[in-house]
Structure formats: structure tokens, C-alpha cells
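In case you want the letters, here they are:
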Amino acid sequence: MSVESVFPALEPLLPRVSKPVQYVGGELNATLKDWDSAAVRWCLMYPDAYEVGLPNQGVMILYEVLNELPDVLAERTYSVWPDLEALMREHDVPQFTVDGHRPVGAFDLLGVSFATELGYTNLLTALDLAGIPLHAADRTEEHPIVLAGGHAAFNPEPIADFLDAAVLGDGEEAVLEITDIVREWKAQGCPGGREEVLTRLAETGGVYVPRFYDVEYLPDGRIQRVVPNRDRVPYRVFKRTTMDLDAWPYPKQPLVPLAESVHERMSVEIFRGCTRGCRFCQAGMITRPVRERSIEGIGAMVQNGLAATGFEEVGLLSLSSADHSEIAEVTKGLADRYQGTNTGLSLPSTRVDAFNVDLANELARNGRRSGLTFAPEGGSERIRRVINKMVSEEDLIRTVTTAYANGWRQVKLYFMCGLPTETDEDVLQIARMAKEVIRAGREASGRKDIRCTISIGGFVPKPHTPFQWAAQCHPDTVDDRLRKLRAEVNTDRSLGRNIGMRYHDGQPSLIEGLLSRGDRRVGRVIERVWREGGRLDGWSEHFSYQRWVDACASELPEFGVDLDWFTTREREETEVLPWDHLDSGLDKEWLWADWQDALDEQEQDDCRWTPCFDCGVCPAMGTDIQVGPTGRTLLPITPVGNRSPVSNPALAPTS
Ligand code: B12
Ligand code: SF4
């Protein structure tokens, strides 16, 4: 049955809201397919405002992978701002897609990509506006299957009541399998209804259906066990891993935003996974093993993507881009190719290493030499041993000195506050380090106008990391340490005025901590916060700490737990964690041993260059690290103007 566009009802509202262009759709490379001829219809959502959501690579990839199937249609939706939400409620306009302005409630599946837990209340807004019951248990065959993915889906328990299913890990192949199952079930006339299609998904072992699992609690509030409550459902759900990135060169046709967005550039993911072993980093742990894209694959994606979009900047994206085994060849090859054009190339923040300054110099050949970003993460060598970020103060000074000597004027350093075992002294070291950086930089560059910005985030312990057992630091302690740090920066004005300091206060991190390590009981808190007006919690102007504290105080005592219990409480080895039945491949015993090593200030090597240390991922997932050097030829060195073909015909540009 055909579905009408809601645009005629939406259009008159747009002049009354801020940034209306974000709701219009029709971006370059957007796809709009015929509704009636599609066998399976996906709506993909990034649960934040358009300006944050549109550049999201995960959604872009899945959108394209799905739309390439002739009988499948995928459209996108983003969170609407509160001004439009109010008007939509007043005029009965449902949550809509930006592609066809079709009501989200009419799709077969609503796939939501969670990079951060602070998007949970946005899910509830979208469901409610779409007319989809908030609770999965209240939905019928009329409603879409609500499916979560992205990093936060590795512990979807806090939103378990609102989800029909969740997928752990890479989505490229998973969405195709899910599509096959839904297509077949629909073609058979939807036998057994919603229950049956969810069972078919669950029985693959790679789709988690929370309602098929019962959680039993101990009298003290801890979890006793999580067990499947029916046959055909596995005890543990495994994560998905896309092994050969060259076989998945997506997005081939990146979307170009209509309105201003957080990323005005094209990104090419040069590898996935990271085995550096930073103990705080959930992304590094859950995306193992490392899988590199080949030099030719990267070159073709850059060339095709630029041709398809007209972007003038390309970011080489990954969790630690300078670690690609052929990064020097990649950067030199690209810099040669785009020399003399308007194309800028960049790396995201990198490890502290002088080699990375060479890379940055290479990439900046074409243009501005503004700022470089490094991530030492901890202020003292002691705390860096705890978090397994092996950088000495000497390395740092040498690296930034090289940067300033090479004409870079601005260095940005990322740190965290509130790390396990941290003391005031560890944090104050950040100020001393920054001053040393300015001193050394002035000497190396012979200039006084250099800058160093220190950017500090509150540490949040995350599931599937060695710090999953750690007590989260209370926001009052974090704020107090940051105040002391500011005072320390300012003790010497001649240096302090060249140091910028950016930080967020500690309160949102505590709520992120609740949502990261929470269990199903936290769902009640999320719902209450949303009912009390909680919207767009990732935005400081909308976030209300008090609303979350009050909701915890109302909803949690009944279970004998509270906000502190979920956040500032250290867990014991034997405690059943809410995500233990969700298999990221990491061996829990290995994680515990690594947590003990952290407390003993013992470091762990990177298995890319040292023997496997048995974290468990490769045997559990049947995978292996995939790194070069491949010895394959470089990108053609001919500048783009001359357009020579790439050496691998399979990866040749499409235009
Ligand atoms: C670019 C980027 C940003 C950009 C752009 C965000 C955007 N719109 O995409 C900006 C600067 C805005 C940003 C902001 C933030 N980011 Co950020 N960001 C990244 C970065 C560098 C790349 C993300 C990416 O494109 N990955 C590649 C894509 C392909 O992977 P993916 O999105 O996970 O998608 C795959 C799967 O997850 C899955 N999948 C995803 N969605 C779905 C949905 C369904 C239904 C299914 C089936 C599958 C599926 O399929 C995809 C393909 O395989 C990552 C680090 C990294 N390399 O991953 C950090 C990262 C994702 N960000 C992170 C954080 C913490 C943030 C912030 C919260 C920081 C802050 N304190 O403000 C904000 C949150 C913004 C917001 N409100 O959402 C963390 C996430 C922490 C975690 N959970 O481990 C990461 C991992 C960095 C890190 N190491 O800490 N970020
Ligand atoms: S199993 Fe071994 S090789 Fe694979 S990611 Fe873990 S430590 Fe590295």
C-alpha cells in the first residue's frame, strides 16, 4: 500500500523553525526509491540533530549498501529540534524521513545508530512522534522492528524495553542478512507475526532480542543471571566483523549536507579496529582485530568520493590513523596526487610520535599549517602506565618541538580527568607539561605567538573494557581537580596566556556512566527523564543533570539501587555484568587480568607488532589481524589533472 509524503503538512511549519533546510532532504547523493516496488523498507536514524547525524559514516554506509539492492529501500531520519517537535505535535505531523518525507512508522525496520548513550532520550522522542509504542512489548505487526546498532549497542540493556533487537559490531553484512530474513518472512505472509520474525533473527546468533532473555537479580541488587526464556535462542549473542574492507568500499557516494554540519569534509576509513590496548577505549576493544584497507583501496575511495561530492577536504579516518602499516606511502602518495589542487588532506588526532609530524607535514604540503592534535590522555607517566598509553614526557616534548620547528603554530593535546587511581598530582602534571611544551616550542620556533590548547574530557568507564569494573570518579572530584589545574596553568602568566584550556564539567559524564554500565532497570529512569522533558542530552544547553538525578531518585529505590550504585561503585571479579551475555570476543578473564595490570601500573604491548597476548577475539570470532606491509605498489604519483588509472582495475574510479 502506498504511503503519502508528509511534506505538504510539514512545509507550512518550516518557516517557523530554526534551520529549516535540515528537514528538506534531497542532498547530493541521496537516494529516493519507489515505495510500492520495495520488498523491504528500512528507515535509518542517527539519533541527534541533522548537523551531527548527517556526516555519520555508519549510517551513510548502511544507507548505500541497502539501497544498492534493487528490491530494498532505505531512507534517513534525524532528531528534530524542540521547536519543530512542538509544532509537529500541534499539527499531527509524524516523525518523517528526510528523503521521501515518509512517516517513520510505515517502514519495516527502524535501524538506529548509537555512537553515544546520550542519544537515548532522542530515540524516545522519535518513537513517540512516529506513533510507535515506546515499549517493544506493546508493538504489533503494524509497527517497524526497532533495531539498535553502533558502539553503544554493545550494552543495550538500559534501552532494552524500547528495542526489538540490537546488533553488535559491523553492520555491512548484518543488514543484508536481516533484510533476507524479513523479506522471506513477509513473502510467506508474515507467519507467526512479530514474535516469529524476531525469533528468526535471534536464532542467527548475531541479533540480540532483549525480550527473549530474562534477567534475574540477587537480593543486594546485583544480577544473578541472564537466561534465554525460549528455545531457538542462543545463550550468548556474538558481534559481527567485516573482515575485508576492500570488498566494502563504502560510502562510494558520500552524502553532501545541505545545512552546516560538524564535518564539512569527506572521510575515508583507512582501517578498522585497534590493538594499542588503551584501557579506557571501548572502541579499541570492541572493534578488534585490526583490518587495514589497502593503499589502492584508499586511493580509489578518495578519488571516487571527491568526484562524487565536490568536497575539498578528505579526512583519513580510523582509531589511530598513523598506525596503518603503510601510512607513509599513503600520505605521500595522496599528497603527490593532489599537489597543486584545492584538495586538503588531514589525519584525526594521533598518537604522540615525531613520525606523525612528518605525516602531517606531508599532508599539509598543499595548504594551511594550522594545528596539530595529539592525545597523551594522561598528565603523568604513572597514570599513562595505568591507562596503557605508552608515551614518555620526553617523547611528547620532542614531538611538539618538531611540530613547532616545522612551522606549526598550534598544538592541541587531549587528556582525561577522573581516571582510575588518579590523584590531584596526576592532573596538575598536565599544566606542567603544557608549560614545558610552550617553553620548548618557543625555543624551537624562535617565536612567542605559539599556542597549546589542552582539552580535557571526563573519563567514563565503559563495558567490554578492562575498566568496566572501575569506580567512576564523582563529578565534584573531577570539577575540583579541573579548578586546581586551571589555577596551576595560570601560576605563570608569561606561559599561561599561550595555553588554552577546554573542558566539560563532570556531571554529564556521570549520566553517561549510568547509561553505559546500566542494566534494564535504568530504562525506567530514561523514560521518566524523557517524560519530564529531557531532549538532546548530548547538548549542554539542553542537558539537565538535576532531571537525571531526580529521575534516579524516583525510579531506582524500588530496586534497592541508586545512581551511585551504577556509577561510583567498583565491581568485583565475580559480579555478573549486564552485558556478559553479549559477546565482543574479548575474554572476560583477560580483561580482568588487564585491569589488575592497570592497578599494578603494568603496560601491555600491541599484538600488531608483538606476539598475540590472547585477548580472545581472534579465536572467538574466527578472525585475525590483517596488516601490511603488503608490498603493493603505491597510488599513481601522477597529479589528478592527468588522470591515470589506479593499478587494480577492480578498484578503478567509477567516474
Ligand atoms: C567522526 C567521529 C565523530 C564526529 C562525527 C560524528 C558522526 N556524525 O559520525 C564528531 C566530531 C561529531 C564526533 C562527536 C562525538 N564522538 Co565521535 N567519533 C568519530 C570517529 C572518529 C569516527 C566514527 C566513524 O565514522 N566510524 C566509522 C563507522 C563506519 O563506524 P560506525 O559508525 O560505528 O558504524 C558501523 C557499526 O557500528 C555498525 N552500525 C552503526 N550503526 C548501526 C545501526 C544499525 C541498525 C546496525 C545494524 C549497525 C550499525 O555498522 C557500521 C558499519 O560497519 C570515532 C572513532 C572511530 N574511528 O570509530 C569517534 C567515536 C565514535 N566518538 C566517540 C565519542 C565519545 C564522541 C562524542 C560523545 C564526544 C563528546 N564527548 O562530545 C561525540 C558524540 C556526538 C553525538 N552527539 O553523537 C567515541 C565513542 C565512544 C564509545 N562508545 O566507544 C569514538 C569511538 C571515539 C573514541 N575512541 O572515543 N565523533
Ligand atoms: S586474539 Fe591475539 S592477535 Fe587477535 S586481537 Fe587479541 S591479542 Fe591481538
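Here's what I pulled together on the structure shown here. Treat the numbers as computed from the prediction; the structure is a model and nothing was measured.

### What to know about the nonpolar core
So, step 1. Grouped together as the largest cluster of nonpolar side chains are 120 residues, with contacts concentrated most on Trp42, Leu110, Leu127, Ile178, Phe467, Ile526 and Trp548.
So, step 2. For this core, the element with the most residues is helix α3 (residues 57–67), which contributes 7 residues.
So, step 3. Beyond its immediate chain neighbours, meaning those up to four positions away, Leu127 contacts Leu110, Ile132, Leu134, Arg139, Val146 and Phe162.
So, step 4. Ranked by size, the runner-up nonpolar core spans 35 residues in total, among them Leu413, Ile454, Leu485 and Met501.

### Re the side chain of Arg481
So, step 1. Turning to its location among the elements, Arg481 is positioned in helix α15 (residues 475–489).
So, step 2. A residue is classified by how much of its surface remains accessible, and Arg481, at 10% relative accessible area, is buried.
So, step 3. If sequence neighbours within four positions are ignored, Arg481 has contacts with Cys417, Glu422, Thr423, Asp424, Val427 and Cys473.

### As for a nonpolar patch on the surface
So, step 1. On the surface, a cluster of nonpolar side chains totalling about 200 Å² of accessible area is made up of Val21, Val24 and Leu258.
So, step 2. Along the polypeptide, Val21 turns up in the loop between α1 (7–10) and β1 (40–49).
So, step 3. Under the relative-accessibility criterion, Val21 is labelled partly exposed at 36%.

### Notes on the site of ligand 1
So, step 1. The environment of ligand 1 is made up of 33 residues, and the closest members are Tyr46, Asp48, Val52, Ser113 and Glu172.
So, step 2. Take His151: an N or O atom from its side chain is 3.5 Å from an oxygen atom of ligand 1.
So, step 3. Among the secondary structure elements, those contributing two or more residues to the shell around ligand 1 are β1, α3, β3 (109–113), β4 (145–149), α6 (172–187) and α8 (282–286).
So, step 4. The leading source of residues in the shell around ligand 1 is α3, at 4 residues.

### What to know about the side chain of Asn498
So, step 1. Of note, Asn498 is situated in the loop between α16 (493–496) and β17 (499–503).
So, step 2. By relative accessible area, Asn498 is classed as buried at 7%.
So, step 3. Other than its neighbours up to four places away in sequence, Asn498 contacts Ile438, Arg442, Lys448, Asp449, Ile450, Arg451 and Cys452.

### Observations regarding the pairing of strand β16 (residues 451–458)
So, step 1. Across 8 bridges, strand β15 (residues 410–417) lies against β16 in parallel orientation. When the sheet's bridge partners are listed, Cys417 is paired in β16 with Gly458.
So, step 2. Crossover handedness for the path β15 to helix α14 (residues 424–445) to β16: right-handed.
So, step 3. Bridging between β16 and β17 involves 5 bridges; their strand directions are parallel. By the bridge assignment, Ser455 is partnered in β17 with Arg502.

### Notes on the packing of helix α18 (residues 522–531) against helix α19 (residues 545–555)
So, step 1. At a closest axis distance of 9 Å, the pairing of α18 and α19 adopts a crossing angle of 130 degrees. Considered as vectors, α18 and α19 are oriented oblique to each other. With respect to the hand of their crossing, α18 and α19 are arranged in right-handed fashion. Residues Arg524, Val525, Ile526, Arg528 and Val529 of α18 lie in contact with α19, whose contacting residues are Arg547, Trp548, Ala551, Cys552, Ser554 and Glu555.

### Focus: the packing of aromatic side chains
So, step 1. Applying the stated criterion across every chain, the model contains 12 aromatic pairs.
So, step 2. Here Tyr50 and Tyr78 contribute two aromatic rings whose centre-to-centre distance is 5.3 Å and whose plane-to-plane angle is 85 degrees, an arrangement assigned as edge-to-face. With a gap of 28 residues between them, Tyr50 in helix α2 (residues 50–53) and Tyr78 in strand β2 (residues 72–79) connect regions that are remote in the sequence.
So, step 3. Geometrically, the ring pair formed by Trp565 and Phe566 is edge-to-face, given 5.0 Å between the ring centres and 85 degrees between the ring planes.
So, step 4. According to the relative accessible area criterion, Trp565 is buried, its value standing at 14%.
So, step 5. You can call Phe566 buried: its relative accessible area is 1%.
So, step 6. Among the aromatic side chains, those forming a connected cluster through ring pairs are Phe459, Phe467 and Trp595.
So, step 7. For Arg76, the ring lying beneath its charged end belongs to Tyr63, and the centroid distance is 4.9 Å.
So, step 8. Positioned over the ring face of Trp565 is Arg569, at 3.9 Å from the centre of the ring.

### Quick word on the layout of surface pockets
So, step 1. Size it by volume and the second largest pocket reaches roughly 270 Å³.
So, step 2. Along the wall of the second largest pocket there are 16 residues; nearest its centre are Asp108, Glu141, Glu142, His143 and Trp185.
So, step 3. For the lining of the second largest pocket, the elements supplying multiple residues, two or more each, are α6 and α7 (193–202).
So, step 4. Top element by residues in the lining of the second largest pocket is α6. It accounts for 3 residues.
So, step 5. Partitioned by chemical class, the residues of the lining of the second largest pocket number 8 nonpolar, 3 polar and 5 charged.

### Observations concerning the environment of Glu27
So, step 1. Take Glu27: it is sitting in the loop between α1 and β1.
So, step 2. Separated by 355 residues in the primary sequence, Glu27 and Arg382 have C-alpha atoms spaced 49 Å apart.
So, step 3. Residues within four places of Glu27 in sequence aside, it is in contact with Tyr50, Leu54, Arg76, Val98, Val256, Pro257 and Leu258.
So, step 4. Within the structure, Glu27 has its side chain in polar contact with the side chain of Arg76 (distance 2.7 Å).

### Things to note about the sheet that holds strand β9 (residues 266–269)
So, step 1. Across the sheet, 3 strands lie side by side as β9-β12-β13; this open sheet has parallel pairing. The outermost strands of the open sheet, each flanked by one partner alone, are β9 and β13 (344–346). For this sheet, the mean inter-axis angle between neighbouring strands, taken without regard to orientation, is 25 degrees.
So, step 2. Judged from the 3 bridges that link them, strand β12 (residues 313–317) and β13 form a sheet pairing that is parallel. Residue pairing for β13: Glu313 is matched across the bridge by Gly344.
So, step 3. This element, helix α9 (residues 295–309), spans β9 and β12 of the sheet and lies at about 160 degrees to β9.

### Concerning the sheet that holds β4
So, step 1. With parallel pairing, 5 strands are arranged side by side in an open sheet as β2-β1-β3-β4-β5. Each of the sheet's edge strands pairs with one partner strand only, and the pair in question is β2 and β5 (165–166).
So, step 2. Its contacts with the sheet place helix α5 (residues 120–130) against β1, β2, β3 and β4, and it is angled at close to 130 degrees to β1.
So, step 3. Contacts from α6 reach β1, β2, β3 and β4 within the one sheet, and its direction differs from that of β1 by about 135 degrees.

Parameters and conventions
Residues numbered from 1 in each chain as written. Chains lettered and ligands numbered in written order. Predicted model: local features only at pLDDT ≥ 70, side-chain atom pairs only at ≥ 80, totals over all residues. Heavy atoms only, no water. Core = buried A, V, L, I, M, F, W, Y, C linked by side-chain atoms within 4.5 Å. Buried < 20%, exposed > 50% of the residue type's maximum accessible area, 1.4 Å probe, protein only. Helix = DSSP H or I, 4+ residues; strand = E, 2+ residues; numbered from the N terminus. Contact = heavy atoms within 4.5 Å. Patch = residues over 30% accessible without salt bridge, like charges linked within 9 Å, V, L, I, M, F, W, Y side chains within 5 Å. Areas by Shrake-Rupley, 256 points an atom, 1.4 Å probe, with all protein chains shown as cover. Salt bridge = Lys/Arg side-chain N within 4 Å of Asp/Glu carboxyl O. Near = heavy atom within 4 Å. Polar contact = N/O pair within 3.5 Å; in protein donor to acceptor, adjacent residues only side chain to side chain. Pairing = 2+ DSSP bridges. Right-handed = clockwise from strand over helix to strand, strands pointing away. Axes fitted to C-alpha atoms, helices over the stretch in contact; angles between N-to-C directions. Parallel < 35°, antiparallel > 145°, perpendicular 65-115°, else oblique. Left-handed = near helix turned anticlockwise from the far one by under 90°. Phe/Tyr/Trp six-rings, centres within 6.5 Å; stacked < 30°, edge-to-face > 60°. Lys NZ or Arg CZ within 6 Å of the ring centre and 35° of its normal. 1 Å grid on protein atoms, 1.4 Å probe; cavity = no way out; pocket = protein on both sides within 12 Å on 5 of 7 lines; lining within 4 Å. Points joined across faces, edges and corners; volume = space filled by probe spheres on them. Nonpolar A, V, L, I, M, F, W, Y, C, P; charged D, E, K, R; others polar.

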